[in-house]
Amino acid sequence: MSPVRLRKRSAALLVGAGVIFLMGTNAQAGWLLVIAALLVGAVLAGTVLPLVGLRGLHVDLRAPAETTQGAIASVDVTVTLRGRGARWGLRLRDDHLAGTETFVDVVRAGERVEIATERTAVRRGRHRTSAVQLRTAAPFGVAERRRTVVADAATLVLPAVVPLGALPFVEPVGTAEPAIRSAPRRGRGPEYLGVREYRVGDSMRHVHWPSTARHGAVMVREFEEERTRRVLIVVDTERDVPSDRLPAADVGTTERWRPTPLDRCCTAAASIATAAFAHGHGARLAAATSDGLDVIARADEPEVLRWLAELEPSGVPLGPTTGDLPPAATRGVESVVLVAPGWHASGPSIAAAAASFGAVVPRVACVVIGTGEDAASGVAADDALHDVGASLIATGAEVYPWPVGADLAAVLGGSS
Amino acid sequence: MTRPGTAGPPRPDAPRRDGADAPRRDGAAAPAPAPPSRPGRRRKALPEDGVAIRVVVACAVEVGIVSLMAQEAVPAATGIAALVLAPLGYWFSFRRRYDNAVVVKILISIALLAALGQFLRAAREASSVDQVREPLATLFLWVQVLHAFDVPRRRDLAFSMVSSTTLVAAAGAVALATSFVWFLLAWAALAAAWLWLSARPAGGEVAEPVALRRAPTGRRARRGAALRSLVAAVVTAVLLATAVFMVTPRLPGNVVRALPFSLGGGAATAATQVYETPNAPPADGEGVVDFAPLAYPGFGQRMDLRARGQLSDEIAFRVRADRAALWRGEAFDTFDGTGWTSSSEERLGLHRGWEGDAATVPPEQLPSSSTGERVTQTFTMATDQPNVVLTAYAAERVYFPAAGLVVDADGAIRSPITLDEGLVYSVVSTPPVTDPAALRNAPPVDTAAADVQRFLQLPSGTSQRVVDLAASLATGRSTQLDVVRAVEAWLRERTRYDLTVPREPAGVDAVDHFLFETRRGFCEHIASAMAILLRANGIPTRLVAGFGPGSRNPFTGYYEVRFADAHAWVEVYYAGIGWVPYDPTFGVPPASPSWTTRFAAPEVLRAVGGAIGRVVPESVKVAAGAAGRLVAHLAGVALGGWPVALLVAASLAAGVVLIRRRRSRSPTGPADEVGRAFEDLVDALAGVGHARTPSETPSEFQERVAADRDLDTEVRASSDVVIRTFEARRFAAPDARPSDADVLRARAAAARVSHLVRR
């Protein structure tokens, strides 16, 4: 059992009791000694009673499996008293999605109190909470007892998605069919799907001789129908800054939710991918992770968002990793969109990546994210954004700078 | 809808404090509500929206005002005005708690200056400290009332509670009666309510839930659980406060000598030579004035040992002093066989100005040698008393609300006015030396000296057997002290205190009759017998009438002296020292009280015991007494063999400590949380076909679980966490054992597995 912590109020009461005791002793006034004893008794009772004030309490947390960064999520905290009597003045604090403290005046024996809270998912990624802290200073607030109880909750916070119109760096397609299907359409596209038995009309160029030998029948390669224009979205995950280092004024948000540059990269990537899907395009995404380059292809929107939700700073620069990209990743890709924070030091690496992609795909666009600060280089954030953009323009890429506080949809309306 | 950190706007036009709007999807700056601020970050306090806490504080202040009025510490008009205005102020302050209060503050400041000016004017006109009391209390009340108009925040309300505490304390300092407890109880209940309400989170401190729902669980909900819990908390607080009160020491205080009455202009200035005893009955046919319930006939020209009757248990007066004493009223030197008179006609007026406002007793009236201590007493008359100024011996200075005090040759002080109900006066006394060594070394008294002769007077009819008894008691005693002690001891052993003894036959020497016929009598008989036996041995002695110490009220701090405490004792003269009191009936309260008398516990227990004794049947009392005696006997036996008892107690304590330490170190005890998590995990996995065999180690069990690809990845990972923590708890070196956080993680992982496999 952890001990109770005395609060300032206990000192105030004891000092008051001491003063009254001295006055009572000086005047031999018994009632003053009674008052002093009452004050000390309140301190003692207020110290002793919290010792049992958290006994028998059980807490459950209920949270949504998924939510979106910046959105309000409902999290329910349930307190049950399995002991006797009642527990007073309970404060329950948990850090699920956002640190939240709630207050329950009383929980009676055999009673379950369900507290529905709403809180903003301030951080992207997987959130797992294992404990809830209980505190009580009842009844007199002179001493506080704390206890941490097990309560399990998990939520994946997806990046925020900004509704975008037509993407300037992807040509519109003539079909209204969605680009994502559960099964790919077979056809003449460049994507290799598998092998099947030869049918009349199949080109002999597509005969797959190893399979033919193995099966004893003519087998041909089967390809996915090329009905979509693909966009490859590459997210620069080299580094990020802790959110508390971002000045609120720069972020333009309220004091606590400050999306980091990587959060904003993911928001941009998610928004572009969602818009691409909506306009019939296919989208692949790639990003460096601490385990190497990760590519997600043939995924639907929720999968893309989950993939983006889990991205973390990798420490791997974007430029060198471009060479690690498998050729299949750029196969059929019409446009590559680099989404990168505009760190001044990252400029050469991003430019190298843009140049590298420019050699293999027809169109390279780059969304450069304003960082709000650039302490590493000592260069002002706006200047860094400008410098990185200039170096990208030099490679022939289209550049879309997204400063802090600007509207992404407006930004993607035109390039610099 | 409210969200974390908002706590609900108190009113529609109050500014939003969180800045939270509808979530935007522009990807730029989706505002979020502010969660609770981090510890240590100081925020500006918001106005207090709670009505209950304001009502409680206002009521506490009202109780303080009423209690002051009940003690007549403030003028009634001022009190009534404060009673009306204070609640108005709190209501006004609540209504305008969000408004700019600059104008209000300016007006309050002006009013405060006016109240201060009035106080200073009254203080300038005051001729004594006492005359400032009432204006000061009035000023404080006005400060409190004006403060009530500007208490927007919780902190301001806390100041009001401090003020109410001060008001109640001021009332308690002058409260005479136990009935003050009702004010104190009301205030204590309100203070407890304030402590509870102010400990609740303030506005914006915690998240306001969107919804809060209460539902019964599977267990049967206990009715009245909250009420019982509340009662238990209150009882705990009361018991602890009582325990603290009982062990709070009553230290000798440097008692304030500024008096609760005015010394300016005495009620009368003409000294009177006549004793006036209110409520005294007329003399009977033999010229004897008997006891009346509210009149002790011992104060007057003559104390007659033939007087009979019962005195009332009504409180005669209260004394505030840091120790018990015999409250001396009058002394007699001449005994005629049936009563005592004073032969000295000398009266000396006591004058003020010798030391401040006090009437000072001339130094020659004081003992030749004193302890050097000063005992301050404040007497408050509860009923009309004779014009005898009661004091602890020997009075040095008297603060009395009238001029014209006189003191006789025996140190008895007489007032020109009767001591009417409500009269208050204070006395500073210097106790005589009672140290046995000093008394034993005192030189022999010069019995031939003129000023000693009258204290050796014996009635002409003193019988030979009285003289013989006195001589026999002095046989073998080498010092005066030894003789005095021998006489005192003999009287205690051989005589019995009895208020029902019949009056002596006419013409009989009362002392002789008491010593050789009845040996029963009351304090006047016993003290007279001692005086005569000592005088027969040549020891100067005088008889003193007054009151016993009474009983100290542990709550008010006053000694409550009743009419039935009227008493008589003797004073014995020691050469070079002076007069020393002896009480052969009940004994003289010690000049230096022992430390055990410094606590209220015995008095409280006695009072509680008395209250219980009045309602408990006699048979129960007898059984309880027997049980008490048995316990006392056992305690005596244990104390007699204290080394063995000490050894047994030490062994028990060591055993308890060892068991506790072993339990805290043992990872296999019932309190092992990791063990419970492991058991929960095993139980959960048994439900999905992974029952653990008895011979299987935790690691082998985990290998089997991890190899089952049909199980959820999360289940396998969580199982790994639990089992690794369990093994570390059981088998790792002490410094590599899991931390509290690891234990929590393991418990959470076990709970997760249970949840997942159920799903």
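On a predicted model such as this, the values are computed, not experimentally measured, just so you know.

Chemist: Honestly, the overall build of chain B in this entry has me stumped. Any pointers?
Modeler: Counting its secondary structure elements, chain B contains 20 helices and 22 strands. For chain B, buried positions account for 39% of its 759 residues.

Chemist: Quick question: what am I supposed to make of the interface of chain A and chain B here?
Modeler: Reports often express the size of an interface as the amount of accessible area lost when the parts come together. Every contact between the two is made by 79 residues of chain A and, on the other side, 79 residues of chain B. By residue number, the principal contributor to the side of chain A that touches chain B is helix H2 (residues 30–48) of chain A, which donates 15 residues. Residue composition of the side of chain A that touches chain B, by class: 42 nonpolar, 25 polar and 12 charged. Relative to strand S1 (residues 211–216) of chain B, strand S7 (residues 111–120) of chain A runs antiparallel, the two sharing six bridges.

Chemist: Explain the confidence of the model for chain B to me, please; I cannot follow it from the model alone.
Modeler: As a general rule, the predicted coordinates of low-pLDDT regions are not to be interpreted in detail. Residue and element names in this part refer to chain B. Across chain B, the average pLDDT comes to 82, with 87% of residues at 70 or higher. A low-confidence stretch, residues 260–271 (pLDDT under 50), is modelled with 37 contacts involving residues beyond four sequence positions or located in other chains. Note that pLDDT drops below 50 for residues 667–671; the model gives that stretch five contacts with residues more than four away or on any other chain. This complex was scored by the predictor with a pTM of 0.72 and an ipTM of 0.74.

Chemist: Explanation requested: the nonpolar core in the structure shown.
Modeler: The nonpolar side chains of a soluble globular protein tend to be buried, and buried together. Residues Ile233, Ala269, Val339 and Cys366 of chain A together with Ala60 of chain B are the most contacted members of the largest nonpolar core, which totals 201 residues. In terms of residues, this core owes the most to one element, H2 of chain A, which gives 14 residues. Residues within four places of isoleucine 233 of chain A in sequence aside, it is in contact with Ala269, Ile272, Ala273, Ala283, Leu285, Val337 and Val339 of chain A. By size, the runner-up hydrophobic cluster in this structure holds 94 residues, among which are Val319, Phe379, Leu419 and Trp569 of chain B.

Chemist: What's the story with the sheet that holds strand S18 (residues 541–547) of chain B in this structure? I'm lost.
Modeler: Strand pairs in the sheet, formed through backbone hydrogen bonds, run parallel or antiparallel to each other. Residues and elements named next belong to chain B. Reading across the sheet, the five strands line up as S11-S4-S18-S21-S22 and stay open at both edges, with antiparallel pairing between neighbours. The open sheet is flanked by strand S11 (391–392) and strand S22 (578–582), the only strands paired with a single partner. Across seven bridges, S18 lies against strand S21 (residues 566–574) in antiparallel orientation. Following the sheet pairing, threonine 541 is matched in S21 by valine 572.

Chemist: What exactly am I supposed to notice about helix H1 (residues 8–27) of chain A here?
Modeler: Each α-helix winds once per 3.6 residues, and so residues spaced three or four apart point in a common direction. Helix length check: H1 of chain A (20 residues) gives 29 Å between terminal C-alpha atoms against 28 Å at 1.5 Å per residue, within 8%. Within H1 of chain A, the full set of buried residues consists of Arg9, Ser10, Leu13, Ala17, Ile20, Phe21, Met23, Gly24, Thr25 and Ala27 of chain A. Looking at the buried residues of H1 of chain A, the elements they touch are strand S1 (5–6), H2 and strand S9 (143–158) of chain A together with helix H5 (154–174) of chain B. Two residues or fewer past H1 of chain A, glutamine 28 of chain A is found with a positive phi of approximately 55 degrees.

Chemist: For this particular structure, what's the right way to read unusual backbone geometry?
Modeler: Outside of glycine, negative phi angles account for most residues, and trans bonds account for most peptide bonds. A cis amide bond links alanine 138 of chain A with the next residue in sequence, proline 139 of chain A, at an omega value of 5 degrees. As for its position among the elements, proline 139 of chain A is in the loop between strand S8 (125–136) and S9. The omega torsion of the bond from tyrosine 393 of chain B to alanine 394 of chain B falls at 0 degrees, within 30 degrees of zero and hence cis. In this fold, alanine 394 of chain B is placed in the loop between S11 and strand S12 (395–399). In this structure, arginine 298 of chain A takes a positive phi of about 50 degrees despite not being glycine. Tracing the chain through its elements places arginine 298 of chain A in the loop between strand S14 (292–296) and helix H6 (301–309). You can call arginine 298 of chain A partly exposed: it has 15 C-beta atoms within 10 Å.

Chemist: Any chance you could explain the sheet that holds strand S2 (residues 302–304) of chain B here in plain terms?
Modeler: Residue and element names in this part refer to chain B. Within the open sheet, the three strands sit side by side as S2-S6-S5. Their pairing is antiparallel. Here the strands that pair on one side only, and so sit at the sheet edges, are S2 and strand S5 (334–335). Pairing of S2 with strand S6 (residues 339–341), which is carried by three bridges, proceeds in the antiparallel orientation. Bridged to methionine 303 within S6 is tryptophan 340.

Chemist: Any chance you could explain the environment of histidine 96 of chain A here in plain terms?
Modeler: Mapped onto the secondary structure, histidine 96 of chain A falls in the loop between strand S5 (86–94) and strand S6 (100–108). Not counting chain neighbours up to four residues away, the residues in contact with histidine 96 of chain A comprise Leu61, Ala63, Val75, His127, Thr129, Ala153 and Thr155 of chain A.

Chemist: Before we go on, may I ask you to explain the pairing of strand S3 (residues 315–320) of chain B in this structure?
Modeler: One face of the sheet, then the other: side chains in a regular strand alternate in exactly this way. All names here are of chain B. Among the six residues that make up S3, six are buried, leaving the element largely enclosed by the rest of the structure. Sheet topology places S3 next to strand S20 (residues 558–562); five bridges connect them, and they run antiparallel. Opposite isoleucine 315, over in S20, you have arginine 562 as the bridge partner. Strand direction decides the pairing type here: S3 and strand S9 (residues 375–381), joined by four bridges, are antiparallel. Counterpart to phenylalanine 317 in the pairing with S9 is methionine 381.

Cut-off values and rules
Residues numbered from 1 in each chain as written. Chains lettered and ligands numbered in written order. Predicted model: local features only at pLDDT ≥ 70, side-chain atom pairs only at ≥ 80, totals over all residues. Helix = DSSP H or I, 4+ residues; strand = E, 2+ residues; numbered from the N terminus. Buried ≥ 20, exposed ≤ 12 C-beta atoms within 10 Å, placed from the backbone. Contact = placed C-beta atoms within 7 Å. Nonpolar A, V, L, I, M, F, W, Y, C, P; charged D, E, K, R; others polar. Pairing = 2+ DSSP bridges. pLDDT = per-residue confidence, 0-100. Core = buried A, V, L, I, M, F, W, Y, C linked by C-beta atoms within 7 Å. Expected span 1.5 Å × (residues − 1).

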